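Notes for the structure review
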Amino acid sequence: MVSRVYLIGFMGAGKTTIGKYVAHDMGWKYLDMDHLFEEEQGCTISQYFAEKGEAAFRVEETNLLKKIAQMDNVIVSTGGGTPCSDENIKIMRESGTVIYINVEPEILRNRLASAKANRPLLADKTNEELLEFIKGKLGEREKYYRQAQLIVDGDKLPFSSYKFLIEMSENND
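Residues numbered from 1 in each chain as written. Predicted model: local features only at pLDDT ≥ 70, side-chain atom pairs only at ≥ 80, totals over all residues. Heavy atoms only, no water.

Another aspect to go through is the nonpolar core. Core analysis: the biggest nonpolar cluster contains 51 residues, and Phe10, Ile75, Ile99 and Ile101 have the highest contact counts within it. Beyond its immediate stretch of four places on either side in the chain, Ile99 contacts Val5, Tyr6, Leu7, Ile8, Ala148, Leu150, Val152, Tyr162 and Ile166. (Core = buried A, V, L, I, M, F, W, Y, C linked by side-chain atoms within 4.5 Å. Buried < 20%, exposed > 50% of the residue type's maximum accessible area, 1.4 Å probe, protein only. Contact = heavy atoms within 4.5 Å.)

Tallied over the full model, the rule gives 6 aromatic pairs. Their ring planes at 55° and their centres at 5.5 Å tell us that Tyr21 and Phe159 sit as a pair that is tilted. With Tyr21 in helix 1 (residues 15–26) and Phe159 in the loop between strand 5 (150–153) and helix 7 (160–171), this residue pair connects regions lying 138 residues apart in the sequence. For Tyr21, a relative accessible area of 35% gives the class partly exposed. (Phe/Tyr/Trp six-rings, centres within 6.5 Å; stacked < 30°, edge-to-face > 60°. Helix = DSSP H or I, 4+ residues; strand = E, 2+ residues; numbered from the N terminus.)

Within the secondary structure, Thr82 sits in the loop between strand 3 (74–77) and helix 4 (86–95). Residue class for Thr82 comes out buried when judged on its relative accessible area of 0%. Polar side-chain contacts of Thr82 include one of 3.1 Å to the backbone nitrogen of Gly79. Each residue touching Thr82, except ones within four places of it in the same chain, is listed here: Met33, Arg58, Glu61, Leu65, Asn88 and Met92. (Polar contact = N/O pair within 3.5 Å; in protein donor to acceptor, adjacent residues only side chain to side chain.)

Shown next, in the form of structure tokens:
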């Protein structure tokens with residue numbers, strides 16, 4: 001029986017919103033990996049990147065993922081880049097059900113355009129540059145995202161359907 005569900009996808013795909021809803025619906029705990037990382041490290045991810053670099057961040061991110069893989073009855077929203085290593089996607093697939101929330105680049109751009117100020121990677125981009133950035137990053141990440149056991153249309157699937165999909169995936173293990 002599945003006791004861990006990992007929600008993966010690009011920033012703006014709805015991982016946090018969906019994760020909170022599904023965790024509540026299932027009576028499970030909700031974990032946001034980015035928030036958990038910041039609590040453990042005592043600084044923001046941006047600060048950590050600036051001080052220690054991406055390589056150190058990725059090592060700590062994998063360590064955090066290994067801890068989460070030992071927890072039960074959790075819905076986990078990962079960072080957009082978390083599944084983008086062979087080790088991380090393997091940890092997630094072997095310890096739970098991975099759901100890729102797939103959203104079209106244009107929809108992601110529309111969602112992220114209003115939140116650019118809160119996302120340093122996006123802050124200075126025009127809408128066209130933002131769309132090209134999203135398409136480029138999705139192209140790099142797709143080979144990892146597509147390794148999820150479940151791939152859903154994040155723009156069309158109602159939140160209420162996630163619990164059913166998770167329960168169905170349990171029966172197919």
